[in-house]
Amino acid sequence: MFMNRFQSGLLKTTLLSLCLSTAGFAAQAETTITAVMHAPLRAVDPVISTAYILRNYGYMVYDTLLARDSQGAPQPQMADWTVSDDGKTYTFTLRDGLKFHDGAPVTAEDAVASLNRWSQVDKTGQVMASLMSEMTVVDDKTFTMTFPEPTGIALIALSKPSGVAPFILPKAAAETPISQPITSTIGSGPFKFDEAAYQPGVSATFLKNEDYVPRTEPADGLAGGKVVKVDKVVWTTMPDSMTAVNAMLSGEIDFYEQIPHDLLPLVEGNPDFTTEMYRKQGSQNLVRLNFTQPPFDNPKIREAALLALGQQAMLDAQVGAGSQYARTCPAVFGCESPYASDYAADKILEPHPEEAKAALAEAGYDGAPVLLMHATDLNNLAPQGPVIGQQLRDAGFTVDMVSMDWASVVARRASKAPVAEGGWNVFSTTNVLPDVGDPIGFIGVAAGGASSWFGWPDVPEIEELRGKLASTSDPDEQKRIGQEIDKLVIDNEVMIPMGEFYNVTVKSASLTGQLDAEAPVFWNMEKSE
């Protein structure tokens, strides 16, 4: 059957309209980065926990007053500052164009309320607050910090890049007691959180904040302009690492934050992917003992634990024997920090089971089990528990290793109860090297008893030295104090360093522009078709 001219013309017009419509749709299609992060997002309070996934979430949704550039120098971000001639008063002025996702302007009252809440939990914030005489709102855009003595702690604290970063929340949210997690997701950062799409532990979606006004300077580390170049970022959770790699190979995801090192051969050399190691996101392994419960309330038994443990076996389990991505390191503050020390390296690097047995005998250890929490669902943590458990057993400890997901470890490690009532004796984790290298803010060395990180060591000499370090600007004196803290940390087993390693990020070749920063941030990243 043949068409007449009218029918033929109508068909051509319809097809042309369809093609133009399709082309228009393609031109307007959203650009989405789908990412598998190192852990699922299960909460939305960016300062209530040291979990790094909350830090990463914070950088998406919130902003900070200051930020550090690629050289580690504090730079203006939400605010500029001036310092009085006597070095005691800092005046911070918010820049123009700042507003929260609900349209409300960011004010000095929001900033002060946010810093007050943050400084209750962050170690650097606690030191800053202890040294500060007052923090005062001057007007809507200005506030001051006043110290009785000259100090640089304000700039150090407000530009802190990792751990618990000082994100600025709306005043109403910031006034939430620190014991109560906030549920609001209203920030002022470069992305908006899509609450309707949020599935805790499964998926989190971030939308470009069209109203965000970035700084005019180029992005540099975490400083400079936070220019978002995609429409959407989706964090999705995969049931296991092999599933995530297969999703990369099939094009289902674009970004895998921390691929297990033994799976790297599946993507290395493939032109469809890039692999990068970001040194600022390198990590230190550490073991933490609970000072409040037997047997590690006994200093001699803590010493036995330090003697029992060694680094190389854990590193081999994490990244493979002889890997370029790991190294042993006895330094509490990391081997690349200004405070690096080899104090007690002979005890720290290698296990000494016979010496540990002798220490246990001297302490009268009765063989009571120690409960070791073993996180099984995170690539870097899963290998740790079995190595620690075996080394402790080799040294004469009775070990009850309880395997659980990381969220359960995070919940249980907050308990000071006896083991029989839900408490614990030992856990292990990792901290990124920028956090580790800061003696003022590193949670692993704070030793103020009840106010300390989980394990609650109480060593007043360490707290006194951390305060002194914050009060001096002399690099030589800072180094001397830092290395003295290192010695006290080891001598009191405040934490046990277990070596350093570097993660590898795998990305689709279509992704470019990831910044070399202390956290994986998604501004400045572009996705080509």
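It should be noted that the structure appears before, not after, this text.
As the structure is a computational prediction, the values presented were derived from the model and not from experiment.

Student: Which residues make up the packing of aromatic side chains, and what values go with them?
Tutor: Under the criterion given, the structure shown has 21 aromatic pairs. Arranged with centres 6.2 Å apart and planes meeting at 50°, the rings of Tyr-57 and Phe-206 form a pair that is tilted. Here Tyr-57 is found in helix α2 (residues 52-61), whereas its partner Phe-206 is found in strand β9 (residues 203-208), with 149 residues between them in sequence. Given a relative accessible area of 0%, Tyr-57 falls into the buried group. The structure contains a cluster of three or more aromatic residues connected by ring pairs, namely Tyr-57, Tyr-59, Tyr-62, Phe-167, Phe-193, Tyr-198, Phe-206, Trp-235 and Trp-523.

Student: Account for the sheet that holds strand β6 (residues 134-139), naming residues and giving values.
Tutor: Taken in spatial order, the four strands make up an open sheet running β4-β5-β7-β6, and their pairing is antiparallel. The outermost strands of the open sheet, each flanked by one partner alone, are β4 (79-83) and β6. Along the sheet, successive strands turn relative to each other by an average axial angle of 20°, direction set aside. The sheet contact formed by β6 and strand β7 (residues 142-146) spans five bridges and is antiparallel.

Student: Report on the pattern of salt bridges, specifying residues and quantitative values.
Tutor: Per the counting criterion, the structure on display carries 24 salt bridges. With a shortest N-O distance of 3.2 Å, Glu-30 and Lys-232 are connected by a salt bridge. Of this pair, Glu-30 sits in the loop between α1 (5-28) and β1 (32-36) while Lys-232 sits in strand β10 (residues 232-236), and the two are 202 residues apart along the sequence. Each of the salt bridges in this network shares a partner with another, and the network as a whole consists of Arg-279, Arg-327, Glu-336 and Glu-500.

Student: Quick one: what's the story with the nonpolar core, residue by residue and with numbers?
Tutor: The biggest cluster of nonpolar side chains holds 134 residues, and the ones touching the most others in it are Leu-65, Met-145, Trp-235, Phe-397 and Phe-522. Contacts of Met-145, omitting those with residues within four sequence positions, involve Lys-88, Thr-89, Tyr-90, Phe-92, Leu-115, Met-128, Met-132, Glu-134, Met-135, Ala-154 and Leu-158.

Student: Describe the state of the cysteines, listing the residues and the values that go with them.
Tutor: Within the structure shown, the criterion is met by one disulfide. Two residues share a disulfide in this structure: Cys-329 and Cys-335, whose sulfurs sit 2.1 Å from each other. Where Cys-329 bonds to Cys-335 through sulfur, the torsion about that S-S bond is close to 110°, and the disulfide is right-handed. You can call Cys-329 buried: its relative accessible area is 1%.

Student: Tell me what's going on with unusual backbone geometry, and back it up with residues and numbers.
Tutor: In this structure, the amide linkage connecting Pro-294 to the following residue, Pro-295, adopts the cis form with an omega of 5°. Here Pro-295 is to be found in the loop between β13 (283-289) and α8 (299-308). In this structure, Ala-344 takes a positive phi of about 60° despite not being glycine. Here Ala-344 lies in the loop between β14 (326-327) and α10 (345-348). On the basis of relative accessible area, Ala-344 is assigned to the buried category, the value being 14%. We note that Trp-456 has phi near 55°; this positive angle belongs to a residue other than glycine. Structurally, Trp-456 can be placed in the loop between α14 (433-436) and α15 (460-471).

Student: An account of the packing of α15 against helix α16 (residues 475-491) is needed here, citing residue identities and associated values.
Tutor: Contact pair α15 / α16: the axes reach a minimum separation of 10 Å and the direction vectors enclose 165°. Our classification of the angle between α15 and α16 gives roughly antiparallel. Crossing of α15 over α16 shows left-handed handedness. Every residue of α16 that contacts α15 at Glu-461, Ile-462, Leu-465, Arg-466, Lys-468 and Leu-469 is listed here: Gln-478, Ile-481, Gly-482, Glu-484, Ile-485, Leu-488 and Val-489. In terms of residue class, the contact of α15 with α16 is built from seven nonpolar, two polar and four charged.

Student: Give a detailed account of α2, specifying residues and quantitative values.
Tutor: Most of α2 sits out of view: ten of its ten residues are buried. For α2, every residue scored as buried is listed here: Tyr-52, Ile-53, Leu-54, Arg-55, Asn-56, Tyr-57, Gly-58, Tyr-59, Met-60 and Val-61. Looking at the buried positions of α2, the neighbouring elements they touch are β8 (191-193), β9, β10, β17 (426-432) and α14.

Student: So what about the sheet that holds β17? Which residues, and what values?
Tutor: Overall, mixed pairing links the six strands, which are arranged β14-β18-β13-β17-β15-β16 in an open sheet. Looking at strand neighbours, the two that pair on one side only are β14 and β16 (399-404), the edges of this open sheet. Of the strands in this sheet, β13, β14 and β18 (496-501) are in contact with helix α9 (residues 312-319), which crosses β18 at around 35°.

Student: I'd like to hear about the packing of helix α4 (residues 123-131) against α15, residue by residue, with values.
Tutor: Between α4 and α15, the least distance of the axes is 10 Å, while the angle of their chain directions is 75°. Comparing their axes, α15 and α4 come out roughly perpendicular. Contact residues: α4 offers Lys-123, Val-127 and Leu-131, while α15 offers Arg-466, Ala-470 and Ser-471. Per-class residue counts for the contact of α4 with α15 are three nonpolar, one polar and two charged.

Rules used throughout
Residues numbered from 1 in each chain as written. Predicted model: local features only at pLDDT ≥ 70, side-chain atom pairs only at ≥ 80, totals over all residues. Heavy atoms only, no water. Phe/Tyr/Trp six-rings, centres within 6.5 Å; stacked < 30°, edge-to-face > 60°. Helix = DSSP H or I, 4+ residues; strand = E, 2+ residues; numbered from the N terminus. Buried < 20%, exposed > 50% of the residue type's maximum accessible area, 1.4 Å probe, protein only. Pairing = 2+ DSSP bridges. Axes fitted to C-alpha atoms, helices over the stretch in contact; angles between N-to-C directions. Salt bridge = Lys/Arg side-chain N within 4 Å of Asp/Glu carboxyl O. Core = buried A, V, L, I, M, F, W, Y, C linked by side-chain atoms within 4.5 Å. Contact = heavy atoms within 4.5 Å. Disulfide = S-S within 2.5 Å. Parallel < 35°, antiparallel > 145°, perpendicular 65-115°, else oblique. Left-handed = near helix turned anticlockwise from the far one by under 90°. Nonpolar A, V, L, I, M, F, W, Y, C, P; charged D, E, K, R; others polar.

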